[in-house]
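# Coordinates in review
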Amino acid sequence: MRELLEIPFVGRRYSRAFCLIMVFVIAGCGTVATPVWQAPTATETRAVGQDQAAPTIEATSPPTDTPIPPTATFTPQPTATSTPEPTLTPEPTATEVMSPLDRMVSMRDPQKGAILFETFQERAGTGYSCANCHSPTSEEKLVGPGLLDIKSRALTRVEGQSAAEYIYNSIVNPKEIVVEDYEPELMPDNWSEIYTNLEIFDIVAYLLTLEGDGAENG
């Protein structure tokens, strides 16, 4: 029993002795340095991992201090805009009012009227034509008055009548208006029986084309 109690005591004795020895050792060597961590070098890193490939660093050109001039931008020049010329509006003209007879005459054939004017008419019983008594190329009297420029004179005969209306009435009713210095019975009054109404319109259309200076054709 005593031997068992003495074992721990002996251990405690040796422990104290060891501690004293360590104190003397530390006091003789000085303060223990604190370890400093250092990054491993490239050689150490390669030694640690031989199988790992070293990272590749791409070379880049150093930046230059010279600024890059800006690219010239093309600016289109403004084109000259043509000013539209003002549109002239024609002045309204007075529209001549045509009577129904004027319209009929305007649609007839003057060439056919010229043939009728020159043709002898056996139906008249005496075999004469308009050209026997009236010259189409002069204002001078033949048997009746010359008919050159009859349009201008016909406009002044009866107020309110057009030239076509006056000439037509002079053919179908010659005794209604008798020209000065001519006998009332000089012109036959049966032309409306010899010619149809449309043929008379053809003759009137022809007479309206007889324009000119009577003094030159007298």
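This one's a predicted model, so the numbers in the text were calculated from it and none came from an experiment. (Residues numbered from 1 in each chain as written. Predicted model: local features only at pLDDT ≥ 70, side-chain atom pairs only at ≥ 80, totals over all residues. Heavy atoms only, no water.)

## A few points about the nonpolar core
- Counting residues in each nonpolar core, the largest one holds 28 residues, and the members touching the most others are Val105, Ile167, Tyr195, Val204 and Leu207.
- If you tally residues by element for this core, the top one is helix H8 (residues 197-207), at seven residues. (Core = buried A, V, L, I, M, F, W, Y, C linked by side-chain atoms within 4.5 Å. Buried < 20%, exposed > 50% of the residue type's maximum accessible area, 1.4 Å probe, protein only. Helix = DSSP H or I, 4+ residues; strand = E, 2+ residues; numbered from the N terminus.)

## Thoughts on the pattern of salt bridges
- In the structure shown here, the tally under the stated rule is three salt bridges.
- Glu185 is paired through a salt bridge with Lys175; the nearest N and O atoms lie 3.3 Å apart. Taken together, the positions of Glu185 in the loop between helix H6 (163-172) and helix H7 (191-194) and Lys175 in the loop between H6 and H7 put the pair 10 residues apart, joining distant regions of the chain.
- Put simply, Lys175 and Asp189 hold a salt bridge, and the shortest N to O gap is 3.3 Å. Of this pair, Lys175 sits in the loop between H6 and H7 while Asp189 sits in the loop between H6 and H7; the two residues are 14 residues apart in sequence, bridging distant segments of the chain.
- The exposure class of Lys175 is partly exposed, given its relative accessible area of 32%.
- Where salt bridges share partners, they join Lys175, Glu185 and Asp189 into one cluster. (Salt bridge = Lys/Arg side-chain N within 4 Å of Asp/Glu carboxyl O.)

## A look at the confidence of the model for the protein chain
- Overall, the prediction assigns the protein chain a mean pLDDT of 74, with 52% of residues at 70 or greater.
- The least confident element of the protein chain, judged by mean pLDDT, is helix H2 (residues 42-48) at 46; the most confident is H8 at 97.
- Every residue in residues 4-10 is under pLDDT 50, and counting partners more than four places away or in other chains gives zero contacts.
- pLDDT under 50 marks residues 42-50. Its contacts with residues more than four places away, or in other chains, come to two contacts. (pLDDT = per-residue confidence, 0-100. Contact = heavy atoms within 4.5 Å.)

## A word on the packing of helix H4 (residues 110-118) against H8
- Viewed as axis vectors pointing N to C, H4 and H8 meet at an angle of 100°, and their least axial separation amounts to 7 Å. When the axis of H4 is compared with that of H8, the two are roughly perpendicular. Across the interface between the two elements, Pro110, Lys112, Gly113, Ala114, Leu116 and Phe117 of H4 pack against Glu199, Asp202, Ile203, Ala205, Tyr206 and Leu207 of H8.
- When its residues are assigned to classes, the contact of H4 with H8 shows eight nonpolar, one polar and three charged. (Axes fitted to C-alpha atoms, helices over the stretch in contact; angles between N-to-C directions. Parallel < 35°, antiparallel > 145°, perpendicular 65-115°, else oblique. Nonpolar A, V, L, I, M, F, W, Y, C, P; charged D, E, K, R; others polar.)

## So, the environment of Phe201
- Among the structural elements, Phe201 can be located in helix H8.
- As a C-alpha pair, Phe201 and Ala164 span 37 residues in sequence and 8.8 Å in three-dimensional space.

## Some points on the state of the cysteines
- The full count for this structure, using the stated rule, is zero disulfides.
- Here Cys130 is not disulfide-linked; the sulfur of Cys133 is the nearest cysteine sulfur, at 8.4 Å.
- Given the relative accessible area of 13%, Cys130 is considered buried. (Disulfide = S-S within 2.5 Å.)

## Details of the packing of aromatic side chains
- One pass over the structure, following the stated rule, counts four aromatic pairs.
- Note on Tyr168 and Phe201: the rings are 5.5 Å apart at their centroids and 35° apart in plane angle, and the pair reads as tilted. Taken together, the positions of Tyr168 in helix H6 and Phe201 in helix H8 put the pair 33 residues apart, joining distant regions of the chain. Pair check on accessibility: Tyr168 and Phe201 agree, each one buried. (Phe/Tyr/Trp six-rings, centres within 6.5 Å; stacked < 30°, edge-to-face > 60°.)

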